[in-house]
Amino acid sequence: MKEVVLPRKAEIDIAVGRSVNRLRLDRGMTVTALAKGAGLSGSMISRLENGQVSASLGTLAAIADALSVPVMALLAQTAGKADVYHVKAGKGIQAHRITANHTHQYMLLGKHSGPSGDFEAARVRISRENAGELPRYIHDGYVFLTMTSGKARYICGGSEFELAPGDTLSFDAMLEHGVSEILSREIEFITVFFRRD
């Protein structure tokens, strides 16, 4: 049986405090604003951020709610591990996405899943000759894409955008979206997807 070594209580308090501090600063919130949103005193938030107190689960839930994050986001740094992926130029996990009457090359560049949500980055290449029927997508989360080569029209909601190398597009993925027309022999773009659990 493998022995599990848990962090000491003081280490957990410090890690939680750092997480609260980082998330608060990322959102541009003052200690007072966070305390008000969580229904706590400013001194309690300060002591928690400095690792001087152990917060109850109820207190952590109130702080997480005020920060608009899951409670697990406050505990993320207590695990003592994180995944890091390094993908060299031209490398990645290669696949072919196939839907009815359509296929395209799909190179997975990075993917993470955890309490904070899901993240995926990929390079997509579609040739006009083999494009077939270009699919549309609707799903939870947010998408960012940047065209790296070629030209295309991309539909997003009720709007259509012409994309050339260097152009970007970001949107709520609940809008119907997808390439509507390939204007060059081939297109390639990088797409990044994020969904909060």
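Scroll up to find the structure this text is about.
Since this is a predicted model, take the numbers as computed values, not measurements.

Some thoughts on the overall build of the protein chain
Counting its secondary structure elements, the protein chain contains 5 helices and 9 strands. The long-range share in the protein chain, meaning contacts at least 24 apart out of those at least 6 apart in sequence, stands at 62%.

Considering the packing of helix α2 (residues 31-38) against helix α4 (residues 57-67)
At a minimum axis separation of 8 Å, α2 and α4 run at an interaxial angle of 115 degrees. Between α2 and α4 lies a crossing of right-handed hand. Across the interface between the two elements, Leu34, Gly37 and Ala38 of α2 pack against Ala62, Ile63, Ala66 and Leu67 of α4. Tallied by class, the residues present in the contact of α2 with α4 amount to 6 nonpolar, 1 polar and no charged.

Structural notes on the environment of Ile93
Along the chain, Ile93 turns up in strand β1 (residues 93-99). Given a relative accessible area of 57%, Ile93 falls into the exposed group. Between the C-alpha atoms of Ile93 and Leu108, which are 15 residues apart in sequence, the distance is 4.9 Å. The contact partners of Ile93, leaving out residues within four places of it in the chain, are Tyr106, Met107 and Leu108.

Let's talk about unusual backbone geometry
Despite not being glycine, Ser68 has its phi angle at roughly 60 degrees, a positive value. Relative to the helices and strands, Ser68 resides in the loop between α4 and α5 (71-75).

Quick notes on a nonpolar patch on the surface
A contiguous nonpolar patch, built from Phe119, Tyr142 and Phe194 and spanning about 280 Å² of accessible area, is present on the exposed surface. On the secondary structure map, Tyr142 appears in strand β4 (residues 142-149).

Overview of the nonpolar core
By size, the foremost hydrophobic cluster in this structure holds 22 residues, and its most contacted members are Ile126, Val179, Ile187 and Phe189. Looking at this core, the elements that each hand over two or more residues are β2 (102-114), β3 (117-127), β4, β5 (152-156), β7 (168-172), β8 (177-182) and β9 (186-195). Val31, Ala38, Leu48 and Val53 belong to the second-largest nonpolar core, a separate cluster that totals 20 residues.

Section: the pattern of salt bridges
Applying the stated criterion across every chain yields a total of 8 salt bridges. One salt bridge connects Glu186 with Arg125, and the closest N-O pair in it is separated by 3.7 Å. Taken together, the positions of Glu186 in strand β9 and Arg125 in strand β3 put the pair 61 residues apart, joining distant regions of the chain. One salt-bridge network, in which partners are shared between bridges, spans Arg123, Arg125, Glu186 and Glu188.

As for the sheet that holds β8
The sheet built from 3 strands is open, its strands ordered β6-β5-β8 with antiparallel pairing. For this open sheet the edge positions go to β6 (159-163) and β8, each flanked by a neighbour on one side alone. Pairs of neighbouring strands in the sheet enclose a mean axial angle of 30 degrees, with direction left out of account.

A word on the pairing of β6
Pairing between β5 and β6: 5 bridges, direction antiparallel. Within the sheet, the bridge partner assigned to Ala152 lies in β6 and is Leu163. Linking two consecutive strands that pair antiparallel, namely β5 and β6, is a turn of 2 residues; a positive phi of about 65 degrees is found at Gly157 within it.

Examining helix α3 (residues 42-49)
By the burial criterion, the buried members of α3 are Met44, Ile45, Leu48 and Glu49. In an axial view of α3, the angular spread of the buried residues amounts to 130 degrees, which keeps them on one side of the axis. Looking one or two places after α3, you find Gly51, whose phi comes out positive at around 70 degrees.

Focus: the environment of Ser68
Take Ser68: its relative accessible area is 49%, and that puts it in the partly exposed class. Ignoring any residue separated from it by four or fewer positions in sequence, one finds Ser68 in contact with Arg27 and Arg196.

Reading the values: rules and limits
- Residues numbered from 1 in each chain as written.
- Predicted model: local features only at pLDDT ≥ 70, side-chain atom pairs only at ≥ 80, totals over all residues.
- Heavy atoms only, no water.
- Helix = DSSP H or I, 4+ residues; strand = E, 2+ residues; numbered from the N terminus.
- Contact = heavy atoms within 4.5 Å.
- Axes fitted to C-alpha atoms, helices over the stretch in contact; angles between N-to-C directions.
- Left-handed = near helix turned anticlockwise from the far one by under 90°.
- Nonpolar A, V, L, I, M, F, W, Y, C, P; charged D, E, K, R; others polar.
- Buried < 20%, exposed > 50% of the residue type's maximum accessible area, 1.4 Å probe, protein only.
- Patch = residues over 30% accessible without salt bridge, like charges linked within 9 Å, V, L, I, M, F, W, Y side chains within 5 Å.
- Areas by Shrake-Rupley, 256 points an atom, 1.4 Å probe, with all protein chains shown as cover.
- Salt bridge = Lys/Arg side-chain N within 4 Å of Asp/Glu carboxyl O.
- Core = buried A, V, L, I, M, F, W, Y, C linked by side-chain atoms within 4.5 Å.
- Pairing = 2+ DSSP bridges.
- Arc of directions from axis to C-beta.

The quantities given are spatial measurements derived from coordinates; they are silent on function.
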